[in-house]
Amino acid sequence: MNNLSPNATRYTAIGLVLFGLLFIFFAWNGAAGLDNGVDIRTQFPFLISGGIGGLALVAAGLTLIRIFEGRRDTKEVVRHLERLTAAVERLAAQEEPQAHPSMNGMGAAPSMPPPAPPFEHAT
């Protein structure tokens with residue numbers, strides 16, 4: 001599936017959905033065209049051959065469309081992340097980090113004040 005062009009995948013998926021809908025239409029038309037509308041046993045062959053088969057084709061086509069769209073979205077996200085990574089690397093190369101004045105050449109980070117105690121509601 002990876003070797004197919006995006007248009008071929010898209011057209012295949014659309015074709016599956018259209019054929020599935022066509023199968024469902026012919027199954028409905030065949031079942032509705034029977035004159036003995038009371039006897040449901042004569043409608044089962046149409047339901048099984050066209051209805052279930054049509055639903056399977058529609059489901060396969062929609063699944064193929066979803067997979068195609070997911071892959072396309074993933075490629076777009078990866079492309080944006082690569083651009084963002086390149087921009088961050090360019091910025092990092094341009095600016096050298098400056099030592100903080102309180103480091104005194106020792107490499108120790110400035111001390112942080114202790115966290116404030118949690119708020120307690122007076123009763």
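It should be emphasised that the depicted structure is a prediction, and the values quoted were computed from it without experimental measurement.

Thresholds applied
Residues numbered from 1 in each chain as written. Predicted model: local features only at pLDDT ≥ 70, side-chain atom pairs only at ≥ 80, totals over all residues. Heavy atoms only, no water. Helix = DSSP H or I, 4+ residues; strand = E, 2+ residues; numbered from the N terminus. Contact = heavy atoms within 4.5 Å. Patch = residues over 30% accessible without salt bridge, like charges linked within 9 Å, V, L, I, M, F, W, Y side chains within 5 Å. Areas by Shrake-Rupley, 256 points an atom, 1.4 Å probe, with all protein chains shown as cover. Salt bridge = Lys/Arg side-chain N within 4 Å of Asp/Glu carboxyl O. Phe/Tyr/Trp six-rings, centres within 6.5 Å; stacked < 30°, edge-to-face > 60°. Buried < 20%, exposed > 50% of the residue type's maximum accessible area, 1.4 Å probe, protein only. Expected span 1.5 Å × (residues − 1). Axes fitted to C-alpha atoms, helices over the stretch in contact; angles between N-to-C directions. Parallel < 35°, antiparallel > 145°, perpendicular 65-115°, else oblique. Left-handed = near helix turned anticlockwise from the far one by under 90°. Nonpolar A, V, L, I, M, F, W, Y, C, P; charged D, E, K, R; others polar.

S.K.: Would you explain the overall build of the protein in this entry?
M.R.: Per the secondary structure count, the protein includes 2 helices and 0 strands. For the protein, restricting intrachain contacts to residue pairs at least 6 apart in sequence, the fraction spanning at least 24 positions comes to 71%.

S.K.: Is there a simple way to explain a nonpolar patch on the surface in this structure?
M.R.: On the surface, Phe19, Leu22, Phe23, Phe25, Phe26 and Trp28 cluster together into a nonpolar patch covering about 660 Å² of accessible area. Take phenylalanine 19: it is sitting in helix 1 (residues 6-32).

S.K.: Is there a simple way to explain the packing of aromatic side chains in this structure?
M.R.: The description of an aromatic ring pair rests on the distance of the ring centres and on the angle between the ring planes. The full count for this structure, using the stated rule, is 2 aromatic pairs. The interplanar angle of 40 degrees and the centroid separation of 6.1 Å between the aromatic rings of phenylalanine 25 and tryptophan 28 together place this pair among those described as tilted. Of this pair, phenylalanine 25 and tryptophan 28 both sit in helix 1, 3 residues apart, roughly one helical turn. According to the relative accessible area criterion, phenylalanine 25 is partly exposed, its value standing at 41%.

S.K.: What's the story with helix 2 (residues 44-94) in this structure? I'm lost.
M.R.: In an α-helix there are 3.6 residues to a turn, and that puts residues three or four apart on one side. Spanning 51 residues, helix 2 covers 73 Å between terminal C-alpha atoms, matching the ideal 75 Å at 1.5 Å per step. Those residues of helix 2 that sit buried are Gly50, Gly51, Gly54, Val58, Gly61, Leu64, Phe68 and Gly70. Structurally, helix 2 contributes buried residues whose contacts are with helix 1.

S.K.: Help me understand the pattern of salt bridges, please; the structure alone is not making it clear to me.
M.R.: Note on pairing: side chains with opposite charge can pair once their charged atoms come close. Enumeration over the complete set of coordinates arrives at 2 salt bridges. With a closest N to O distance of 2.6 Å, glutamate 69 and arginine 72 form a salt bridge. Placement of the pair is glutamate 69 and arginine 72 together in helix 2, with a separation of 3 residues, close to one helical turn. Given the relative accessible area of 42%, arginine 72 is considered partly exposed. As a salt-bridge pair, arginine 72 and aspartate 73 come within 3.8 Å of each other at their nearest N and O atoms. Given the relative accessible area of 37%, aspartate 73 is considered partly exposed.

S.K.: Explanation requested: the packing of helix 1 against helix 2 in the structure shown.
M.R.: In contact at an axis separation of 7 Å, helix 1 and helix 2 are set at 160 degrees when each is read in the N-to-C sense. When the interaxial angle is binned, helix 1 and helix 2 end up roughly antiparallel. Considering the relative orientation of helix 1 and helix 2, their crossing is left-handed. Across the contact of helix 1 with helix 2, the residue classes break down as 19 nonpolar, 8 polar and 1 charged.

Taken by themselves, the reported measurements are silent on function.
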